[in-house]
Every structure is written in C-alpha cells, then in structure tokens.
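Listed here are the chains, written in short residue letters.
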Amino acid sequence: MSVAIITGSAGLVGSEAVAYFASRGLEIAGIDNGMRAVFFGEDASTSWVRERLKREVRSYKHYDADIRDQAQIFRIFEHYGAAISLVLHTAAQPSHDWAARDPITDFTVNANGTSVMLEAARRFAPEAVFIFMSTNKVYGDSPNRLPLIELDTRWEIDPNHPYAQGIPESMSIDRTLHSLFGASKVAADVLVQEYGRYFGMKTACFRGGCLTGPNHSGAQLHGFLAYLMKCAVTGAPYTIFGYKRKQVRDNLHSSDLIRAFDEFFKSPGVAEVYNMGGGRFSNCSMLEAVSLCEEITGKKLSWTYVDENRRGDHIWWISDLSHFQSQYPAWKLRYDVPKILQEMYEMNRDRWGAECSRTAKGTS
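What you see as residue numbers is a count from 1 along each chain, following the sequence as written. A pLDDT threshold of at least 70 governs which residues receive local features in this predicted model, and a stricter bar of 80 or more applies before side-chain atom pairs are shown or counted, although totals over entire chains, interfaces and linings include all residues. Processing note: side-chain calculations cover all non-hydrogen atoms of the structure and skip hydrogens and water entirely.

Side note on helix H9 (residues 254-266)
Secondary structure is summarised from DSSP: a helix means a run of H or I of at least four residues, a strand means a run of E of at least two, and numbering begins at the N terminus for each. Helix span is expected to be 1.5 Å times the residue number reduced by one. Look at H9: 18 Å from first C-alpha to last across 13 residues, which is about the 18 Å you get at 1.5 Å a residue. The rule is simple: take the accessible area with a 1.4 Å probe, protein chains only, and divide by the maximum for that residue type; under 20% is buried, over 50% is exposed, in between is partly exposed. For H9, the full list of buried residues reads Ser254, Ser255, Asp256, Leu257, Ile258, Arg259, Ala260, Phe261, Asp262, Glu263, Phe264 and Phe265.

See the structure below:
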C-alpha cells in the first residue's frame, strides 16, 4: 500500500489531510508530538484530534516523534522506504508572537525540522512528492507598502494596482521586516525549493494565509477565526491589535487546501511555489469577522482594542491564486468566510461550552 507521511498530523491541516488521503486508500504515518500545547497552553492542545484519528481512521499509525530528532525521523522513513509516495510537512511553530519569546525553539522546529524531513525523504523516498506548508509571512511586511485605501469596514488596495486581484508569488521576500517566525519559515521555504532544484525532488511550498476550519484548536496567538468564534461562543474577551480593526485577511478552509495538495500530488512539479489562500472569494476584515460571529452566535463579542499593531503584521493580505489555478484549473474554492464560520460554530459550540464550564468549576 502507498504511504503518506504527514507531520503535524493532529493539527488543523494535518488532520484534514489524514482523513482525506486515508479515504483515497493511502496508509498514513502521522507524526505529531503535541507541541501545540507547549506553544499555546492546554486549551490549544490537539490531543482530542489525535485520539479521534486513532479511533476513526483505520489506516492511521501515530508516531509521537519530534521532527528535529534525526534518528527518530530517519527510522520512520527507513521503515516505509519506497512505499512512501507523499510527504506532507505541516508541523511548525506557527506564531510570530510566540517566536520572539523563544527564537531558538522557533528556528529549530521550523528550519531544522524541515531540513531533517527533506533529507529523510531524499535518502529513503526520493521519488515521493514533498509538500511543505509555508506561510505568507515569508514576504514580511512588504504588503504594507502597497497603496491602500481606508473604507468603512476594511482597508482595500487601489483597484487600479496590479495586485488588485491579490498578491502574487513575484513579490520580493527581501528588505522587509519578517518577524522571527517569518525568518525561520523563509529558511525552510527556500530549503524546500533548493531540494527540488538541486536534487530533482518533486517539492512545493504552499504559502498560506489564514488557514482555518472546524478542526482548528484556536489560540490567542494563532488561529484567528477559530479563536474569535470561540470567544464569541464562550464570552471570553478578545483583543484586536492595530490598524483601526480594519486589517484584511483571506481565509482558506482546510478542506479546500487539502484538495489543492491532492492536485499537486497527482501531477507534481519541481520546486514550485504557490500563494494559497481564500483570494477574492473568501476574505474579511477584523470588523467584518466580529460582525459575522455576533450574527451567527446571537451574542455580542467582548473585545478590546490596542492601537499598537503586532510587529511585522499585515494590514491587507489577499492571495493571488492565478498561478496555481493556471496549472490546476479543476480546483475551485468551496468555502467563503460566512460558510467557514457557520460550520465552525455548529461543530464546536458544544465542546467549547463544555470546556468553559469545566474551567469555571475549577476556579470556583
């Protein structure tokens, strides 16, 4: 049986990929050591997803391994060898705020861990397709130099600008403030490209914007829409940082992303790079997202505003999807922001409510 190795297998993207590729007949080797709880606290733990995968996905085998541990990772790859047809690397330290607290851990997870995964694939499964979950933070704060116009509920780009339909992969990643997280992901991103060009491996970097979905264990420092909806459901306070609450993000449902991975898996290139987000089809400002959450839950969100923005944060980001769509025209987005938030609410409100009740009992 063909094998997919998926890192970060209990995370948002990884867990969606486990279910998807298992349903297509692949045996899944999932690698996840639960570091999300280390990064963001027990409320952000993905252990509930890991246990669900172990129960429900018959072809899933879980490995509690650290991607930085070369010996562990090499043993896993050597065990499956040439049967490996896909390596999907989604494990990461994903927050630019957290990275500043511990830059060494951030870099070793994001850069060194990716180096270990690439070398394991090259040695034991060189014909496998290697897909890396990168980030739009590789562009640093360059998008903030675009000509933006302030509207009632959002910032928007000048409609006559070449990027009016979104930001393309041609935007420079140089001479910009990346954040330490952005820098570690740049290192990993470039390394994935280099393994493709230098060794002829079938690699791709998907530079994601805001990735989301009902499997997201939203946390204050990562998981914008999930954490916002969680606060709306539970009554927890939410803090908005800077840009008059009008910063814009495109939001991509994890299932739409996994279908894009599958398109590349079926017909891979070498050293490809794709900006991947909701594009013009699925995007919102912070103000617009708050309004949608309040409408869906029927509750007012408790929020405060801090005028200082997060360092290196984007004012406006919408991905230009045309490069990927030109190569894979059958791929279409299915989820826009209202549909994402509605699904997130329906699938998580009971669990979030139960968590809130347990917390209240523990502090009373």
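Description of the pairing of strand E2 (residues 27-31)
Counted residue by residue, E2 has four buried out of five residues, so it is predominantly covered. DSSP calls a pair of strands paired once it identifies at least 2 bridges connecting them. Taken together, the five bridges between strand E1 (residues 3-7) and E2 define a ladder with parallel strand orientation. Paired with Ala4 across the bridge in E2 is Ile28. By convention, orient the strands away from the viewer: a clockwise path from the first strand over the helix to the second makes the crossover right-handed. Since E1 and E2 lie parallel, the crossover through helix H1 (residues 12-23) that links them has a hand, and here it is right-handed.

Re the pattern of salt bridges
Any two side chains of opposite charge can pair, so long as their charged atoms come close to each other. By convention in these notes, a salt bridge is any Lys or Arg side-chain nitrogen within 4 Å of a carboxyl oxygen on Asp or Glu. The final tally for this structure, using the stated rule, is 21 salt bridges. Close ionic contact of Arg24 with Asp262 constitutes a salt bridge, the shortest N to O distance being 3.8 Å. With Arg24 in the loop between H1 and E2 and Asp262 in helix H9, the pair connects residues that are 238 residues apart, well separated along the chain. Classification of Asp262 by relative accessible area gives buried; the value is 7%. With its nearest N and O atoms 4.0 Å apart, the salt bridge here joins Lys266 to Asp262. Of the two residues, Lys266 and Asp262 both sit in helix H9, four residues apart, roughly one turn of that helix. Each of the salt bridges in this network shares a partner with another, and the network as a whole consists of Arg24, Asp262, Glu263 and Lys266.

These results come straight from atomic positions and should not be treated as a statement about function.
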